[in-house]
Amino acid sequence: MVLIHRHDDATDDEGRWRAFVVAQGFGHLVAAGRDRSVPVVVPTQFLLDDDRVLLHLAKVNPMLDAIAENSTVVLSVAGDWAYIPGSWKQIADEDPRFGIPTTYYGAVQLTGEASVLDGPEAIAATLGAQVSDLEPDGDYVDPLEHGARLRTIRAVEIALTDVRAKFKYGGNVDQAHRDAVAEHLAQREGPGDAAALSHMRRS
């Protein structure tokens, strides 16, 4: 379970965390199973559909056994991260050497009850929903046309029961310090800087 300080908590902002999860579209599915020394963790593409998550896995994926043992799972989604040097957080006459570096990021953990679907129609429907979401203008056959190949995969549907959302973008400091970091982000233009800057403006 992710630690969320009050100033980073966006759990109640459903529009924000849903937009973030949809934009990422990729996460880590975690299942504790039962009497396992370590949980099963699977990186996977997924589709958030209202209050459920849809995805598919290979029939031999150990995740399916873990779900059979214990259907409660967590889908962990993180992204939009940017490293913040300590010197960026010092302003005016503050000594930049004493700045404490950190990383800004967004993280959402979706907890739910997973069901494994093994009928060809259910598998094809899940595949179709995922592909349609990723390629809305794509030209492809009905997944049922893949026939025997559908036997090698399983569809997974997760009915959401809890959501925890964290957006760590300097919500614990005053506006002057936030503005200083934002200016540095805008100038650096690193891979995650634009997304972090956008989050800062919302926080």
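Please read these numbers as outputs of a predicted model, since none were measured by experiment.

### Focus on the overall build of the chain
Step number 1: For the chain, the helix and strand inventory stands at five helices and seven strands.
Step number 2: Along its sequence from the N terminus, the chain presents helices and strands in the succession α-β-β-β-β-α-β-β-α-β-α-α.
Step number 3: For the chain, the C-alpha atoms occupy an extent of roughly 70 × 45 × 25 Å along the three principal directions.
Step number 4: For the chain, buried positions account for 40% of its 203 residues.

### Comments concerning the sheet that holds strand 4 (residues 52–58)
Step number 1: The seven strands lie next to each other as 2-1-5-6-7-4-3, forming an open sheet whose pairing is antiparallel. In the strand order of this sheet, the two ends are held by strand 2 (40–45) and strand 3 (47–49), each with one partner. Direction aside, neighbouring strands of the sheet carry axes that sit 35 degrees apart on average.
Step number 2: The sheet contact formed by strand 1 (residues 26–31) and strand 2 spans six bridges and is antiparallel. Its bridge partner lying in strand 2, A31 is registered against V40.
Step number 3: Those strands touched by helix 1 (residues 14–24) are strand 1, strand 3, strand 5 (72–84), strand 6 (102–117) and strand 7 (153–168), and its axis lies near 85 degrees from that of strand 5.

### What about the packing of aromatic side chains?
Step number 1: Scanning all chains against the criterion turns up two aromatic pairs.
Step number 2: Ring centres of Y104 and Y169 lie 5.9 Å apart, and the angle between their planes is 70 degrees; this geometry places the pair in the edge-to-face category. Note that Y104 is positioned in strand 6 and Y169 in the loop between strand 7 and helix 4 (175–188), a separation of 65 residues in sequence. The residues Y104 and Y169 share a single accessibility class, namely buried.
Step number 3: When the ring centre of F167 is taken as origin, the NZ or CZ atom of R16, which lies over that ring, is 4.2 Å away.

### Looking at the nonpolar core
Step number 1: Of all hydrophobic cores here, the largest spans 40 residues; its most connected members are W17, V53, V108, L110, I158 and L185.
Step number 2: Setting aside anything within four residues of it in sequence, one finds I158 in contact with L29, D51, R52, V53, L55, V73, G112, E113 and A114.

### Topic: unusual backbone geometry
Step number 1: One non-glycine residue, D35, lies in the positive phi region at around 60 degrees.
Step number 2: By secondary structure assignment, the location of D35 is in the loop between strand 1 and strand 2.
Step number 3: Judged by its relative accessible area of 80%, D35 falls in the exposed class.
Step number 4: We note that E189 has phi near 55 degrees; this positive angle belongs to a residue other than glycine.
Step number 5: Along the polypeptide, E189 turns up in the loop between helix 4 and helix 5 (193–202).
Step number 6: For E189, a relative accessible area of 65% corresponds to the exposed category.

What counts, and where the lines are drawn
Residues numbered from 1 in each chain as written. Predicted model: local features only at pLDDT ≥ 70, side-chain atom pairs only at ≥ 80, totals over all residues. Heavy atoms only, no water. Helix = DSSP H or I, 4+ residues; strand = E, 2+ residues; numbered from the N terminus. Buried < 20%, exposed > 50% of the residue type's maximum accessible area, 1.4 Å probe, protein only. Pairing = 2+ DSSP bridges. Axes fitted to C-alpha atoms, helices over the stretch in contact; angles between N-to-C directions. Contact = heavy atoms within 4.5 Å. Phe/Tyr/Trp six-rings, centres within 6.5 Å; stacked < 30°, edge-to-face > 60°. Lys NZ or Arg CZ within 6 Å of the ring centre and 35° of its normal. Core = buried A, V, L, I, M, F, W, Y, C linked by side-chain atoms within 4.5 Å.

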